[in-house]
Every structure is written in C-alpha cells, then in structure tokens.
Amino acid sequence: MTPETAYDGCERITWEAARNFAYGIRLLPPPKRRAMAALYAMARRIDDVGDGTWPGDRKLEELDRLHTVIEKLRAGDVEDRNDPVLVALADATARYPIPVAALHEIVEGCEMDVRGAEYVTMEDTVRYCRLVAGSVGRLSLGVFGTRGGRRRPAGESEASRMADDLGVAFQLTNMLRDIAEDLRMGRIYLPEQVRDRFGIAPGSWTPPEQVGAMVEYVAGQAAVWFDSGLALLAHLDHRSRSCTAAMAGIYRRLLRRMRAQPTLPLTERVSLPAWEKGLVAVRSIAGLQP
C-alpha cells in the first residue's frame, strides 16, 4: 500500500468520526493535514478498543499488542504494510518530529478505563486528561512545529507544555459534556472529592441542582486550562494557529454553553450546529479570538 492510499483511508476516518476536530484539521496545508489524519486515526483505533464490546481481558490483550505496534513504529518498522493507519503514520513520523512514544500514553489511559480506575482528587483526573488528550496535543505539535523552524522534539519545548494544557482543557470539556453517557458505561471521571463537595450521591448524577453546581465549578477550571493552553497560538505558524484556534474555539463555545446551562449535560449531549462550527473556523482564519 502506498502512503498516498493510506492517507486517503485515514482522512476518511477523520472526516467521518472527528466531528469537532475536522473543522480545524481541514485548515492545514495538505501534508500536515494528512499527518494529522494519520494521528487521529491511530488515536481512534486505540479508543475503539477501550470503548468496544470485547471482554476486559481481551481488551487489555489488544492494548498490550498496541504498545508493541507503537514501539515498532518508533523503530521505523510497520507491522502490517496493508494497514492504512500504520502505513500513513510511519510516513508521517518520517516527515515530522512526532513524539511517537506519546501514543503509549493514550493506550495507558484506555487501560485505566478498562480496569475501572477511580478518581479521588482533581489531580487524578488531570493526570488522566494528560494521558488521553495532553498526549494528542504533544503529538500534534510534532506536526505543527513552532515558528522559527526549530526541529527539536516537541517534548523539549515550552510549547509542548502549552499543548498539554490545551489537551487538559479539551478533555475536561469532554468529561462535562459526556457525564450521562459515561455513567451508562460505568465511568465517572470527575473526582470523588469534588462530587462530595457538592453533595452528589455516590455512583450517580443526583441531585440535578448539585450536579449543575459541580459542572459550573469544573467548567471554570477548564476555562483556566484553556487560558494557559491558548498561549500556544503565539508559537505556531498561521495555518497551524488557525487549526488549533478553530478546535479550541469550538470547545470553548461548548464550555460556555454548559456554564450557562449547567444541568444540560444531564439531559442531552451538548453540541454546536454545523453553521456555528463553520463560523468558528472562519474566525480562526481571520486571527480572531477563539
């Protein structure tokens, strides 16, 4: 399989599944857009194992296998030359200083999901956010690069910390948006200490008024992570900045909607209409505040 064919497959996965991120990724020049699609497709593959219907032991076996696949990628080896995700990702890592080892963190986060990890403190929750989303920020920065043409690994830069913070903001927003859906899967990511502080019944999202107060509180913390992470924009070239600003703008609007209606995630999955996402993308191209 050629890299071009492999990238086509990854882009199809991205446009079909990355409902919010696709608006930003499309703003990149083609080579970076394709590399980001490969990264997304790999992250999607890992997530699908954790969220799938296999028994827990089977999931952990597959996640362990993915650790091996990632190590082979780091060594420049593609396990299956007919696998579009692996072929595309191998080509992307040859072109850009992508910190491939960060993919292990996404797998580790999924392993925590499968094992039913519990979160007592906000620090516990933030650590999970860094694994499953901060890692994606650092991987993306490997594709974006920073202004001035520096080619050192993203993990060594101050920009890497900002990308990580932005990932935390994205994931906290996801957690608030998905609290009802996650509970149906037996998952509660928001920490026990915060739930106790707001008088929320164990293993539930009741009473609704207290849950709303908690959502407003955690949304305020996510907003702080956004403020820290968005400092990254000053370090990116115009197209990468537009991409990041578009993705961040969509998530910040979701967050604002939940702060304005904090019990809404209990009854529906908070989302933006396509026209509003398009507006955010246009604003990002113009350099307006996301």
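Residues numbered from 1 in each chain as written. Predicted model: local features only at pLDDT ≥ 70, side-chain atom pairs only at ≥ 80, totals over all residues. Heavy atoms only, no water.

Visitor: If you had to explain the nonpolar core to someone new, which residues and values would you point to?
Guide: Grouped together as the largest cluster of nonpolar side chains are 93 residues, with contacts concentrated most on M42, M214 and F226. Tallying contributions element by element places helix α7 (residues 122-144) first for this core, with 11 residues. M42 has contacts with L66, V69, I70, V85, L86, L89 and L103, leaving out every residue within four places of it along the chain. (Core = buried A, V, L, I, M, F, W, Y, C linked by side-chain atoms within 4.5 Å. Buried < 20%, exposed > 50% of the residue type's maximum accessible area, 1.4 Å probe, protein only. Helix = DSSP H or I, 4+ residues; strand = E, 2+ residues; numbered from the N terminus. Contact = heavy atoms within 4.5 Å.)

Visitor: Account for the pattern of salt bridges, naming residues and giving values.
Guide: All chains considered together, the criterion is met by 23 salt bridges. Between R44 and D48 there is a salt bridge; the shortest N-O distance is 3.1 Å. Of this pair, R44 and D48 both sit in helix α3 (residues 30-51), four residues apart, which is roughly one turn of the helix. With a relative accessible area of 23%, R44 lands in the partly exposed category. Of the residues examined, D48 reaches a relative accessible area of 42% and is grouped as partly exposed. Among the ionic contacts, a cluster of salt bridges with common partners joins E105, R130, R138, E158, R161, D164 and D165. (Salt bridge = Lys/Arg side-chain N within 4 Å of Asp/Glu carboxyl O.)

Visitor: Which residues make up the packing of α3 against α7, and what are the values?
Guide: Interaxial distance between α3 and α7 falls to 10 Å at its minimum, and their mutual angle equals 160 degrees. The pairing of α3 with α7 is recorded here as roughly antiparallel in orientation. As α3 packs across α7, the resulting crossing turns out to be right-handed. Contact with α3, carried on its side by K32, A35, M36 and L39, involves L139, S140, V143 and F144 of α7 and no other residues of that element. (Axes fitted to C-alpha atoms, helices over the stretch in contact; angles between N-to-C directions. Parallel < 35°, antiparallel > 145°, perpendicular 65-115°, else oblique. Left-handed = near helix turned anticlockwise from the far one by under 90°.)

Visitor: Please provide a residue-by-residue account of α7, values included.
Guide: The largest bend in α7 comes to about 45 degrees, at R130. For α7, a buried count of 18 out of 23 residues is recorded, marking the element as mostly surrounded by other parts of the structure. Following α7 by one or two positions, G145 has its phi on the positive side, about 70 degrees. (Bend = angle between axes of the 7 residues up to and from the residue.)

Visitor: Could you give me a rundown of empty space enclosed by the protein, with the residues and numbers involved?
Guide: The tally for this structure, following the rule as stated, stands at one cavity of 30 Å³ or more. Tallied by class, residues from the lining of the largest cavity come to six nonpolar, no polar and two charged. (1 Å grid on protein atoms, 1.4 Å probe; cavity = no way out; pocket = protein on both sides within 12 Å on 5 of 7 lines; lining within 4 Å. Points joined across faces, edges and corners; volume = space filled by probe spheres on them. Nonpolar A, V, L, I, M, F, W, Y, C, P; charged D, E, K, R; others polar.)

Visitor: Requested: an account of the confidence of the model for the chain, with residues and values cited.
Guide: Overall, the prediction assigns the chain a mean pLDDT of 92, with 97% of residues at 70 or greater. In this model residues 149-156 is a low-confidence stretch, pLDDT under 50, and it forms 10 contacts with partners more than four residues away in sequence or in other chains. (pLDDT = per-residue confidence, 0-100.)

Visitor: Break down the layout of surface pockets for me, with residues and values.
Guide: By volume, the largest pocket amounts to about 1300 Å³. Classifying every residue of the lining of the largest pocket gives 28 nonpolar, eight polar and 13 charged. The volume enclosed by the second largest pocket comes to roughly 350 Å³. Taken together, 22 residues make up the lining of the second largest pocket; nearest its centre are A117, E118, G186, R187 and I188. Contributing elements (two or more residues each) for the lining of the second largest pocket: α4 (56-74), α6 (102-115) and α10 (192-197).

Visitor: Before we move on, can you summarise the environment of V126 with the specific residues and values?
Guide: In this structure, V126 sits in helix α7. Residues contacting V126, with those up to four places away along its chain left out, are V168 and W225.

Visitor: Lay out unusual backbone geometry with the relevant residues and their values.
Guide: Cis rather than trans, the peptide bond between T206 and P207 has omega equal to -5 degrees. For P207, the position within the fold is in the loop between α10 and α11 (208-229).

Visitor: Go over the side chain of T173, please, and point to the residues and values.
Guide: If you trace the backbone, T173 turns up in helix α8 (residues 158-177). By relative accessible area, T173 is classed as buried at 1%. Those residues within four positions of T173 in sequence are excluded, and the remaining contacts are A222, F226, Y251, L254, L255 and M258.

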